[in-house]
Amino acid sequence: PVLDDAAAAAAAAPKLRVSLLAQRYVEHAEAFLAKALDAPPNAARHLYLAVRRLFELYRALFELAHADTVKTQPRMAALFRNDILFLSRAANRFSIRYCPKLNANLRDATPDDEPVFLTFVDQLPALRDLADDLAPLPSDTQHDAAHPAAAAAAKPRFFPAAATSLLPAFGVAPGRAA
């Protein structure tokens, strides 16, 4: 089910200070997915794959281009961390907002023996791990030291097993996701 505007607003994440590049990445990805909803099945699948590759490209280039900057400039590390968390939240939002309709549209145009299950949930662990690899911010460290139980509860972890456990709910046999 797709969330209506009121439910989406209630589930909205806090605002982050992010770079213009991260904002543009998300804007382009959302524009591609919006076009995919009205596109023919083959074009929709390619637009979906383009958005997935945008996330993968960001992760790959980030590690190559910013490794030294992150180690020497804490302010930039904080900004990059926010960018990555922003992209992670966008991937999660895209899974909720666009993937159900894309799945339905492609399922109608796909032979019965070929299951369709498009999602961005599997992008979340890689993005979160990349954000976790950045040095923790001083405020995080201070808060975690003062409140270890709250810190452990506030850092949810996403596992691919959780994503695959949802497959039967969408009528897809585990291990057969496309």
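Residues numbered from 1 in each chain as written. Predicted model: local features only at pLDDT ≥ 70, side-chain atom pairs only at ≥ 80, totals over all residues. Heavy atoms only, no water.

Side note on the nonpolar core
Right, on to step 1. Counting 33 residues, the largest nonpolar core has F55, F62, I84, F94, L102 and F120 as the members making the most contacts within it.
Right, on to step 2. Looking at this core, the elements that each hand over two or more residues are α2 (20-38), α3 (41-65), α5 (74-97), α6 (99-108) and α7 (123-133).
Right, on to step 3. When neighbours within four sequence positions are excluded, I84 is seen to be in contact with Y58, F62, L127, L130, A131 and L134. (Core = buried A, V, L, I, M, F, W, Y, C linked by side-chain atoms within 4.5 Å. Buried < 20%, exposed > 50% of the residue type's maximum accessible area, 1.4 Å probe, protein only. Helix = DSSP H or I, 4+ residues; strand = E, 2+ residues; numbered from the N terminus. Contact = heavy atoms within 4.5 Å.)

Topic: the side chain of Q123
Right, on to step 1. Of note, Q123 is situated in helix α7.
Right, on to step 2. On the accessibility criterion, Q123 (3% relative accessible area) is buried.
Right, on to step 3. Reaching out from Q123, the side chain makes a polar contact with the side chain of R59 at a distance of 2.7 Å.
Right, on to step 4. In contact with Q123, not counting residues within four places along its chain, are R52, F55, E56, R59 and A91. (Polar contact = N/O pair within 3.5 Å; in protein donor to acceptor, adjacent residues only side chain to side chain.)

Looking at the packing of α2 against α3
For any two helices packed against each other, the geometry is given by the interaxial angle and the distance between the axes.
Right, on to step 1. At their nearest, the axes of α2 and α3 sit 8 Å apart, and the two run at 165 degrees to each other. By the criterion of interaxial angle, the relationship of α2 to α3 is roughly antiparallel. Note that α2 runs across α3; the crossing there is left-handed. When α2 is examined against α3, the residues L21, Y25, A29, F32, L33, K35 and A36 are found in contact with a partner set consisting of A44, L47, Y48, V51, L54, L57 and Y58.
Right, on to step 2. For the contact of α2 with α3, the class distribution of residues is 13 nonpolar, no polar and one charged. (Axes fitted to C-alpha atoms, helices over the stretch in contact; angles between N-to-C directions. Parallel < 35°, antiparallel > 145°, perpendicular 65-115°, else oblique. Left-handed = near helix turned anticlockwise from the far one by under 90°. Nonpolar A, V, L, I, M, F, W, Y, C, P; charged D, E, K, R; others polar.)

Side note on the pattern of salt bridges
A side chain of one charge can pair with a side chain of the opposite charge when the charged atoms of the two come close.
Right, on to step 1. One pass over the full model with this rule turns up three salt bridges.
Right, on to step 2. A salt bridge links E30 to R93, with the nearest nitrogen and oxygen atoms 3.2 Å apart. In this pair, E30 is assigned in helix α2 and R93 in helix α5, connecting sequence segments 63 residues apart.
Right, on to step 3. Salt-bridge contacts for R97 lead to E30; the nearest nitrogen and oxygen are separated by 3.2 Å. One end of the pair, R97, is in helix α5; the other, E30, is in helix α2, with 67 residues separating them in the sequence. (Salt bridge = Lys/Arg side-chain N within 4 Å of Asp/Glu carboxyl O.)

What to know about α2
Right, on to step 1. With 19 residues, α2 extends 28 Å from end C-alpha to end C-alpha; this agrees with the ideal 27 Å at 1.5 Å per step.
Right, on to step 2. Taken as a whole, α2 has its buried residues at A22, Y25, V26, A29, E30, L33, A36 and L37. Taken end-on, α2 shows its buried residues confined to a sector of 125 degrees, consistent with a single buried face. Residues of α2 that are exposed and point more than 90 degrees away from the buried face comprise L21, E27, K35 and D38.
Right, on to step 3. In the core, the buried residues of α2 are packed alongside α3, α5 and α6. (Expected span 1.5 Å × (residues − 1). Arc of directions from axis to C-beta.)

Observations regarding the side chain of D83
Right, on to step 1. Turning to its location among the elements, D83 is positioned in helix α5.
Right, on to step 2. The charged side chain of D83 is buried without a salt bridge, its nearest counter-charge being R17 at 9.9 Å.
Right, on to step 3. If near-sequence neighbours (up to four positions away) are discounted, D83 is found in contact with V18, S19, A22 and Y58. (Lys, Arg positive; Asp, Glu negative; His and termini not counted.)

Topic: the confidence of the model for the protein chain
In low-pLDDT regions, the fine details of the predicted coordinates are not to be read closely.
Right, on to step 1. Averaged over all residues, the pLDDT of the protein chain is 74; the fraction at 70 or higher stands at 63%.
Right, on to step 2. Across the protein chain, α2 holds the top mean pLDDT of 92, while helix α10 (residues 160-165) sits lowest at 46.
Right, on to step 3. Per-residue pLDDT stays below 50 along residues 156-164; that stretch engages in six contacts with residues further than four places along the chain or on separate chains.
Right, on to step 4. Low confidence marks residues 174-178, where pLDDT is under 50. Its contacts with residues over four positions away, or in another chain, come to eleven contacts. (pLDDT = per-residue confidence, 0-100.)

Observations concerning the environment of A131
Right, on to step 1. Locating A131 in the fold gives a position in helix α7.
Right, on to step 2. Separated by 50 residues in sequence, A131 and R81 have C-alpha atoms that sit 5.1 Å apart.
Right, on to step 3. Beyond its immediate stretch of four places on either side in the chain, A131 contacts R81, I84 and L85.

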